[in-house]
Every structure is written in structure tokens, then in C-alpha cells.
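A closer look at the structure
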Amino acid sequence: MPVLISSTEATPKGNVPANESVGIDDLAVYVPRLFLPLAGEFSSNRGIDPGKLVKGIGIDRMAVVDAHEDAASMAAMSLLELMRRNRLCPEDIGKVYVGTESAPDEAKALGTYVIGMLEQIYGRGSFQEASTVEFKAACIGTTFALESQSYWLAGEEEGKVGVIIASDVAKYPLFSAGEYTQGAGSVALLMKKNPRLLALEQIYGTFTRDENDFFRPMGCTTAVVNGKHSNQCYLDAMQGAFDSFAGKAKRKGVITPGTGESVTDFADHLLFHIPYPRMVEYASAAIFRHDWRESRRSTGIERELGPEPVAREFDDPQKYQAAEADYARRFSRSQEFLQAFAAKVRDTAILSRQIGNIYTGSIYLGLASLLEMQKIHAGQRLCFGAYGSGCSALFFSAIAQAGVESVPLRGLMQRLEERKQISLQDYELLHEGKKKESVLAPNGEFALVGIDEQGYRHYEYVKAMDMRASKR
Ligand code: CAA
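Residues numbered from 1 in each chain as written. Predicted model: local features only at pLDDT ≥ 70, side-chain atom pairs only at ≥ 80, totals over all residues. Heavy atoms only, no water.

1. Some details on a negative patch on the surface
A cluster of acidic side chains, namely Glu 91, Glu 129, Glu 157 and Glu 158, defines a negative patch on the protein surface. With respect to the helices, strands and loops of the structure, Glu 129 is situated in the loop between helix H4 (110-122) and strand E5 (131-135). (Patch = residues over 30% accessible without salt bridge, like charges linked within 9 Å, V, L, I, M, F, W, Y side chains within 5 Å. Areas by Shrake-Rupley, 256 points an atom, 1.4 Å probe, with all protein chains shown as cover. Salt bridge = Lys/Arg side-chain N within 4 Å of Asp/Glu carboxyl O. Lys, Arg positive; Asp, Glu negative; His and termini not counted. Charge placed at Lys NZ, Arg CZ, Asp CG, Glu CD. Helix = DSSP H or I, 4+ residues; strand = E, 2+ residues; numbered from the N terminus.)

See below:
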């Protein structure tokens, strides 16, 4: 039987009737044990000012997968931790949805490899009644999985829970401008009725458009990216999804701004997709600026910054673009913005600074950051802005439940401190698949142990080494 811990607290605000909610009950994060600091050997070899990487981009350390790791093994690790933390049995789980854009197979669902690995621990056939499907939509796949699973869960009548796993290795060519925005990791979400952490308000604002900002044609191991264009696509899509969300939330009477109020006034935390921490600054500046235009804040902002540039008042489009970029820069330094950013956004990027981009799980690393820092309190509204290149955005909201303050922490900061720093040479060999031996031998983890002549991948659970035995 599933371990169902129901929240008996009535929801203090929002669109979530007590005892009928669905949402996130817990999460587990897996990060590889290797990292490369961006300041030091990497920055000097690439001829980049370390200040640009650490401040301009916002990443201190990139997580690096070892020779025995990939998106499937990392997904199995986060699911194993989620199951152990919650004393879940495989029979409790109705669906295992996986969001990934770095799956090792073009046809076989990554979740089947994950189930194969977990069955080494829980017994062969133990997951056979769980369905698994892979959601590929660049960095937004996991969020579409969450939306889809929330509808399934609302109608679920057998007491099953759902699992959603994000797992990715963010990989760009060596020496490219994308290289310092890599990373790797997995986040597993436990989805339940009457969840302990977050009840979804079931309002999803969407935006989709065909773009060439970032993609990975068949057979390529690294992404093709048009960097600056990808930033702009992200911002355009986020604004579109935000407007869609705001319209739906107002029509449903869930968010009802009074005179001078704006939609973001009703959010206590804003979590955005985090390809690199500076991007959440750009995203939140764009959303706050857009949302505050008709609000009481606009007077103070105009007093501080002067009027916004208006396209029709410029003969030359380039001059308009320059004026617009200048205004955006000044807005992101304004008192109103800095206060809102510090209060509602900044802390979501804490883990990403130490890990880098994990593509579709990055936004949930933002959630893990807030949870580990105990920044979320019962009754608060969290708004999520997910983005996937290609491109789509999804903006949705959830209300923090009473359990948010009692679910055990995960010790993530400590675990990140215990990782091993690797040399630039080892990083490059691992990146190019030329390092056959693991830097750290698998220890209490799932490991890729071989790929057979047909291309099928073999994984094994390698038990934790008995340190006393190894010393003898
Ligand atoms: N000290 C401090 N800051 C410095 C500096 C220094 N010495 N030198 C430069 N900077 C600042 C710059 O001023 C800039 O900040 P502002 O925007 O505030 O001016 C910042 O560092 C970045 O510098 P650049 O604009 O020169 O950036 P870049 O040319 O290195 O490219 C990038 C950055 C486009 C993100 C590139 O790394 C890239 O292509 N990454 C992969 C694509 C990506 O992550 N896109 C994000 C949107 S798409 C998405 O979200 C999906 C996904 O996950 C991939």
C-alpha cells in the first residue's frame, strides 16, 4: 500500500480545495561526485576572465559525469533516494514519467532502464504495473510531465502515487560559448494527492513557437546553440506564458489584483528555468517590468529611470534596440527590482551556482534550493516559469502546504562540498568519452558497466565499499 501522508491543514489561499489537491509531496536530487571549478585552470586555459564566469554567468562549479554515469544511471539514483526517503514500494507507484533531452536511446524509454536498475534492488517484476514514458521537449520536458501527471493523479482511485524524474547531462562543444553553462544531475519528484510540500493550483499558462535557438540533430552528442538568440527566445516565451497564466488565473478568480496591484504581488517565490544563474535575473527583470507597467510601482520606476523607450518614436530600429537594452540594464539595477529579486527570486539559484545547468531539472533544483534553505512557508504561493528551447514556456503556480516545514532536509549543500575536484585534462577526456576508467570507482550506486554489440546498455548496482574491509 502507498505511504499516504495527508495534509489535514486547509489551504490558506489559492485555488486548492483542502483534501482534493494534487502536487509535489517530496523530491530527491542526485548530483555526480565530480566537479570542475570555472575559475582557475578552466578560465585561464580558455582565456576568459574568471569574473565573467562567476559573476557574469553565475556558475562557480560545473558537475561532471564520471565514466560510469549517464542520464539513466543518474535518474535511477534520484529515484532510489526518493523511494528510500519515503519508504515507498514499487507497487505504490503508478507512473514513472521521465523528462530528458540526453537519453542514450532513440526509441527505448529511459524509464525502462531506470526500472531495470531499481528492480536489481526491489526484485525483478516489482515495477511491472508502473507505466513509463519519456517527455522530450528540451528543458521543459519534466514540466510537461508534471502537468500531465497532475491530471492523471486527480482521477486516480487506487491510491497510487506518481514519480517524475528529470535527468540530463548538459553538453556543448569544448571551447564553445556554451561550455561554461554545462552541468549534470537528476531530480525525482514524488507526486501525490494531498501532498506535503506543494499543491498545484492547476492553472497552466503556455507559449509555443518554432525556433532554432538550441537543438541537437540526430547523432550529435552536443547541442547546437545560438546563444544570444536563445536568451531572447527564453524571455519572449516566458512573457507569453506569463500572460497566458495571468489571464487564466484572473478569469478563474484565483488571482484578483486590485487597483495598482500586479499579478506577481500574489507570488511569494518565482522560480524560473536556470540554464545559468544570471538568466533568472534577466527573466525576472523582464517579467516584473512587464507586470508592473500598469501598477502603482510604475510611477516610482519612471521617477527613477525616466520613461521607457517606445519603438514608434525611433526612426532607426537599431537606435531603438540600443535604447531598449540601456533601459533594461537600468531597470535591472533599480531599487524596486533589486528588492523584489532579493525577496522572491535570488535564492532559487543557490544550487545551480554549484552544479551548472541540468536542463529539464534546473527549475526543480531551484525548488530544492529554497527547500534546503527553509525559505518556503505554509500558505505561500510559488510561481514557476519553465522554458524549453525550440521553444515552449509554461507558467504555473502551487501553494505551499503545512508539511513543507517538516519534511526532512536532504543535506544537499554538504553533499556538494564532499565532491571531488577534477583537472581540466580529466574533464576534457570525460567530455570526449575518451576516459574509460572512472575517476571515482562506483560505490553504493548504479553504474553503466557495458554496452553490448547491439547497443543495449548494461547497468549494475555496485554496493557501497566496506571501508574497513578495503583497508585490510
Ligand atoms: N566580469 C563580470 N561580468 C562580466 C565580465 C567580467 N569580466 N565579462 C563579461 N561579463 C558579463 C557580461 O557583461 C554579461 O552580463 P550582462 O548581460 O549583465 O551585460 C555576462 O557576463 C555574459 O556575458 P556575454 O553576454 O558576453 O555572454 P557569452 O557571449 O559568454 O554567452 C551565453 C553567454 C549566451 C549564455 C552562452 O554561454 C551560451 O550560449 N550558453 C548556452 C545557451 C544558454 O544557456 N541559453 C540560455 C537560454 S536557452 C535555455 O534556457 C535552454 C537551456 O537550458 C540551454
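Now that the structure is up, let's keep going.
2. Re the pattern of salt bridges
In the structure shown here, the tally under the stated rule is 23 salt bridges. Among the ionic pairs, Asp 236 bridges to Arg 209, the shortest N-O distance being 3.0 Å. Residue Asp 236 is located in helix H6 (residues 227-251), and its partner Arg 209 is located in the loop between strand E8 (198-208) and strand E9 (214-215); the two are separated by 27 residues in the primary sequence. Residue Asp 236 is classed as partly exposed on the basis of its relative accessible area, which comes to 29%. (Buried < 20%, exposed > 50% of the residue type's maximum accessible area, 1.4 Å probe, protein only.)

3. Re the environment of Lys 250
With respect to the helices and strands, the residue Lys 250 is situated in helix H6. For the pair formed by Lys 250 and Val 263, sequence separation is 13 residues and the distance between their alpha carbons is 8.9 Å. Apart from the residues lying within four places of it in its own chain, the contact partners of Lys 250 are Ile 255, Pro 257 and Val 263. (Contact = heavy atoms within 4.5 Å.)

4. Overview of the site of the ligand
Close contacts around the ligand come from 27 residues, with Lys 52, Ala 177, Tyr 180, Arg 278 and Tyr 282 the closest. Separating an oxygen atom of the ligand from a side-chain N or O atom of Tyr 180 is a distance of 2.4 Å. The contact in question runs from an oxygen atom of the ligand to an N or O atom on the side chain of Tyr 282, over 2.6 Å. Taken by itself the ligand offers 1,100 Å² of open surface, and the protein chains cover 74% of this. Secondary-structure elements contributing two or more residues to the shell around the ligand are helix H2 (50-57), H6 and helix H7 (277-292). (Near = heavy atom within 4 Å. Polar contact = N/O pair within 3.5 Å; in protein donor to acceptor, adjacent residues only side chain to side chain.)

5. Concerning the packing of aromatic side chains
Throughout the structure, instances matching the rule amount to 22 aromatic pairs. With centroids separated by 5.2 Å and ring planes inclined at 50 degrees, the aromatic side chains of Phe 245 and Phe 395 adopt a geometry described as tilted. Here Phe 395 lies in strand E13 (residues 392-400) and Phe 245 lies in helix H6, a separation of 150 residues in the sequence. Here the two residues Phe 245 and Phe 395 agree in accessibility, since each one is buried. Between the aromatic rings of Trp 292 and Phe 331, the centroid separation amounts to 6.0 Å while the plane-to-plane angle is 50 degrees, which identifies the pairing as tilted. In this pair, Trp 292 is assigned in helix H7 and Phe 331 in helix H9 (residues 317-331), connecting sequence segments 39 residues apart. Each member of the pair Trp 292 and Phe 331 is classed as buried. Over the ring of Phe 175 we find Arg 46, and its NZ or CZ is 3.8 Å from the ring centre. (Phe/Tyr/Trp six-rings, centres within 6.5 Å; stacked < 30°, edge-to-face > 60°. Lys NZ or Arg CZ within 6 Å of the ring centre and 35° of its normal.)

6. Observations concerning the environment of Pro 90
Summarising the element assignment, Pro 90 is placed in the loop between helix H3 (71-85) and strand E4 (93-99). Not counting chain neighbours up to four residues away, the residues in contact with Pro 90 comprise Met 83, Tyr 122, Ser 126 and Phe 127.

7. Here we look at the nonpolar core
Of all hydrophobic cores here, the largest spans 55 residues; its most connected members are Phe 272, Phe 331 and Phe 395. In terms of residue count, H6 provides more of this core than any other element does, 10 residues in total. Those residues within four positions of Phe 395 in sequence are excluded, and the remaining contacts are Ile 203, Tyr 204, Gly 205, Met 238, Ala 241, Phe 242, Phe 245, Leu 270, Phe 272, Cys 383, Phe 384 and Gly 385. Counting 44 residues, the second-largest nonpolar core is a separate cluster that includes Ile 140, Leu 271, Leu 370 and Leu 382. (Core = buried A, V, L, I, M, F, W, Y, C linked by side-chain atoms within 4.5 Å.)

8. A look at the sheet that holds strand E6 (residues 161-170)
Hydrogen bonds along the backbone pair up the strands of a sheet, which may run parallel or antiparallel. Read from one edge to the other, the open sheet built from nine strands follows the order E5-E4-E6-E7-E1-E8-E13-E12-E11, with strand pairing classed as mixed. Where the open sheet ends on each side, the last strands, each with one partner, are E5 and strand E11 (269-272). Across this sheet, the average inter-strand angle for adjacent strands is 25 degrees, counted without regard to direction. Pairing of E6 with strand E7 (residues 183-193) involves nine bridges; the strand directions are antiparallel. Each bridged residue has a counterpart across the sheet, and for Ile 164 the counterpart in E7 is Leu 189. Its contacts with the sheet put H4 on E4, E5 and E6, and the angle it makes with E5 is roughly 135 degrees. (Pairing = 2+ DSSP bridges. Axes fitted to C-alpha atoms, helices over the stretch in contact; angles between N-to-C directions.)

9. Looking at helix H14 (residues 424-431)
Three or more residues of H14 are buried, namely Leu 424, Asp 426, Tyr 427, Leu 430 and His 431. The buried residues of H14 occupy one face: seen down the axis, they fall within an arc of 165 degrees. On its buried face, H14 is in contact with strand E2 (34-37), helix H1 (41-46) and strand E3 (61-64). Once H14 finishes, Gly 433 follows within two positions and takes phi at roughly 70 degrees, a positive value. (Arc of directions from axis to C-beta.)

10. Digging into the packing of H2 against H7
Running from N to C, H2 and H7 point in directions that differ by 45 degrees, and their axes come no closer than 6 Å. Classified by the angle their axes make, H2 and H7 are oblique. Along the contact surface, H2 presents Lys 55, Gly 56 and Ile 57, while H7 presents Pro 277, Arg 278 and Tyr 282. Considered class by class, the residues forming the contact of H2 with H7 number three nonpolar, one polar and two charged. (Parallel < 35°, antiparallel > 145°, perpendicular 65-115°, else oblique. Nonpolar A, V, L, I, M, F, W, Y, C, P; charged D, E, K, R; others polar.)

11. Points about unusual backbone geometry
Of note, the amide linkage connecting Gly 390 to Cys 391 takes the cis form, showing an omega dihedral of 5 degrees. The residue Cys 391 is located in the loop between strand E12 (381-388) and E13 in this model. Of note in the backbone geometry, Asn 194 takes a positive phi value of approximately 45 degrees without being a glycine. When you line up the elements, Asn 194 lands in the loop between E7 and E8. Residue Asn 194 is classed as buried on the basis of its relative accessible area of 13%. For Gln 202, which is not glycine, the phi dihedral falls at a positive 60 degrees.

12. Brief notes about the side chain of Ser 295
Tracing the backbone through its elements, the reader meets Ser 295 in the loop between H7 and helix H8 (297-305). With a relative accessible area of 4%, Ser 295 lands in the buried category. With residues near it in sequence (within four places) discarded, Ser 295 still touches Gly 260, Glu 261 and Ser 262.

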